[in-house]
Amino acid sequence: MSVIRSLKMNFAVWIKWIFGKKRARIGIYGPPNAGKTTLANRIVKDWSGIETGGISHIPHETRRAMRTDGVIINANGSSIELDIVDTPGMATKIDFREFMAYGLEEEEAKRRAKEATEGVIEAIKWLENLDGILLVMDSTEDPYTQVNVTVVGNMEARKLPLLIVANKMDLPKAAPSRIKAAFPQHPIVTISALEGSNIDDLYVAIARHFG
Amino acid sequence: MDLISAERLESMSSMEKIRLILSKVKRGNIVVLEMGLTPEEEVKLIEMTMTEIRLDEFSGIEIESYPVKNESTFLNKILGKSGIKTRMTVIGPANQLRTIEKDKYQISTKVSVGD
Ligand SMILES: Nc1nc2c(ncn2[C@@H]2O[C@H](COP(=O)(O)OP(=O)(O)OP(=O)(O)O)[C@@H](O)[C@H]2O)c(=O)[nH]1
Ligand SMILES: [Mg+2]
């Protein structure tokens, strides 16, 4: 009797191990300067204490995808292990003169532009290797851009979960309702990655959508 | 401005479409696609654009389009159509398209000459 019971037990544990293993590889996507790295840093720091990627007000700061594996998030009574990929900002155009306007020397601006084009390609390649994405948008900007539409469209075509993060809610011009209106079919969490506001709501949503 | 008809687009492979669009836009033309690209084609177009960017010559593209609409109507189901519809798309060289008005039913784009 007890042998059967323990067999049953083991079976249940095994089933849970195979099917209940909540591990997901999540890409952080969005246009340049939306706050992707600020958010990635916050998530990784909140749950594993590590400091990660560089942040700048100059667009295309991240030009190589940055991967942090094994970040365990506990929210809403469940736990999920995430491999987080912070991707370079996606764009349809890159002009080195834009970087010079931020005060970079011509040489450096040109190098940054070249690396940024490679970064966009890398971000696109990563789309094929993910279980879901956080699409980060700057709530002060028009959400209806080609990059956002393309990322949303690709997630829908692949039937992968997508969570929209309406970032920079601390800014007076933030209008997350515009994002809701543009993409009504997807869940949205409004946060400030910089100040950490509403970040717990984001963790609950992550556990729910990717768990 | 070059209009590419839905009929012509339907007869082309994804790669042919992307190459045609990029070659026109690189020559400074604005391309209007009567029927838009699929999300996969859009992302491929962005990727190809990145490989074509050259300092001082070509700094990329501007695209205005609408999300894919999934119209699984009764008629489409009977006719066995996939129901995936894409809307009109305007593509031009970077910094030449400026959308003045865009809603669910229309795109009007202002074309500015020069910078
Ligand atoms: N006010 C405010 N600023 C923010 C917030 N999140 C990020 N920022 C700022 O936005 C700028 C860009 O932040 P990043 O995290 O580097 O943005 P990114 O999306 O990783 O940018 P790229 O790597 O260039 O694509 C920096 O100056 C950040 O301090 C926020 O919630 N509120
Ligand atoms: Mg970044």
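Everything here concerns the structure above.
Residues numbered from 1 in each chain as written. Chains lettered and ligands numbered in written order. Predicted model: local features only at pLDDT ≥ 70, side-chain atom pairs only at ≥ 80, totals over all residues. Heavy atoms only, no water.

(A) Spotlight on the overall build of chain A. Each helix and strand counted, chain A has 7 helices and 6 strands in total. Ordered by position from N to C terminus, the α and β elements of chain A give α-β-α-β-β-α-α-β-α-β-α-β-α. Principal-axis analysis of the C-alpha atoms gives chain A an extent of 80 × 35 × 35 Å. Restricting to contacts in chain A with at least 6 residues of sequence separation, those with at least 24 account for 73%. Total accessible area on chain A is roughly 10500 Å²; 53% of this is exposed by carbon and sulfur atoms. In chain A, 27 side chains carry a positive charge and 26 a negative one; their mean positions are 8 Å apart. (Helix = DSSP H or I, 4+ residues; strand = E, 2+ residues; numbered from the N terminus. Contact = heavy atoms within 4.5 Å. Areas by Shrake-Rupley, 256 points an atom, 1.4 Å probe, with all protein chains shown as cover. Lys, Arg positive; Asp, Glu negative; His and termini not counted. Charge placed at Lys NZ, Arg CZ, Asp CG, Glu CD.)

(B) Here's a closer look at the interface of chain A and chain B. Facing the 22 residues of chain A at the interface are 24 residues of chain B. Surface buried jointly by chain A and chain B totals about 2200 Å² across both partners, of which 60% is contributed by carbon and sulfur atoms. Put simply, chain A and chain B have 3 salt bridges between them. Here B:Glu62 and A:Lys93 are joined by a salt bridge, their closest N and O atoms 2.9 Å apart. Taken together, chain A and chain B are joined by 7 residue pairs in polar contact (both at pLDDT 80 or more). Secondary structure elements with two or more residues in the side of chain A that touches chain B: helix H3 (96-101), helix H4 (106-126) and helix H5 (146-158) of chain A. Looking at the side of chain A that touches chain B element by element, the count peaks at 7 residues for H4(A). (Buried area = accessible area lost by both parts, 1.4 Å probe. Salt bridge = Lys/Arg side-chain N within 4 Å of Asp/Glu carboxyl O. Polar contact = N/O pair within 3.5 Å; in protein donor to acceptor, adjacent residues only side chain to side chain.)

(C) How the structure looks around helix H7 (residues 199-210) of chain A. With 12 residues, H7(A) ought to run about 16 Å at 1.5 Å a step, and its terminal C-alpha atoms sit 16 Å apart, in line with that. A:Ile199, A:Leu202, A:Tyr203, A:Ala205, A:Ile206, A:Ala207 and A:Phe210 are the residues of H7(A) that are buried. (Expected span 1.5 Å × (residues − 1). Buried < 20%, exposed > 50% of the residue type's maximum accessible area, 1.4 Å probe, protein only.)

(D) Representation of the site of ligand 1 in the model. Residue and element names in this part refer to chain A. Taken together, 22 residues are adjacent to ligand 1, and Lys36, Thr38, His60, Glu61 and Asp170 come closest. Gly89 places a polar main-chain atom, nitrogen or oxygen, 3.2 Å from an oxygen atom of ligand 1. Computed on the free molecule, ligand 1 has an accessible area of 650 Å², of which 90% lies beneath the protein chains in the complex. Broken down by element, the shell around ligand 1 gets its largest block of residues, 3 residues, from helix H2 (residues 36-48). Of the residues belonging to the shell around ligand 1, the class tally is 7 nonpolar, 11 polar and 4 charged. (Near = heavy atom within 4 Å. Nonpolar A, V, L, I, M, F, W, Y, C, P; charged D, E, K, R; others polar.)

(E) Looking closely at the coordination of the magnesium ion (ligand 2). At 2.0 Å from the magnesium ion (ligand 2) lie its protein donor atoms, namely A:Thr37 (OG1) and A:Thr62 (OG1). Of the two residues, A:Thr37 sits in helix H2 while A:Thr62 sits in the loop between H2 and strand S2 (66-75), which places them 25 residues apart along the sequence. (Donors = N, O, S within 2.8 Å, 3.2 Å for Na, K, Ca; no water.)

(F) Structural detail: the packing of aromatic side chains. Residue and element names in this part refer to chain A. Counted according to the given criterion, the structure contains 2 aromatic pairs over all chains. Their ring planes at 85 degrees and their centres at 5.2 Å tell us that Trp47 and Tyr203 sit as a pair that is edge-to-face. Taken together, the residues span a long stretch of sequence, with Trp47 in helix H2 and Tyr203 in helix H7 at a distance of 156 residues. Looking at Trp47, the relative accessible area reads 28%, which means it is partly exposed. (Phe/Tyr/Trp six-rings, centres within 6.5 Å; stacked < 30°, edge-to-face > 60°.)

(G) Quick peek at the side chain of A:Thr117. Within the element layout of this structure, A:Thr117 appears in helix H4. Polar contacts involving the side chain of A:Thr117 include one to the main-chain carbonyl oxygen of A:Lys114, which spans 2.6 Å. Sequence-distant contacts of A:Thr117, defined by excluding residues within four places in its chain, comprise A:Ile94, B:Met50 and B:Ile53.

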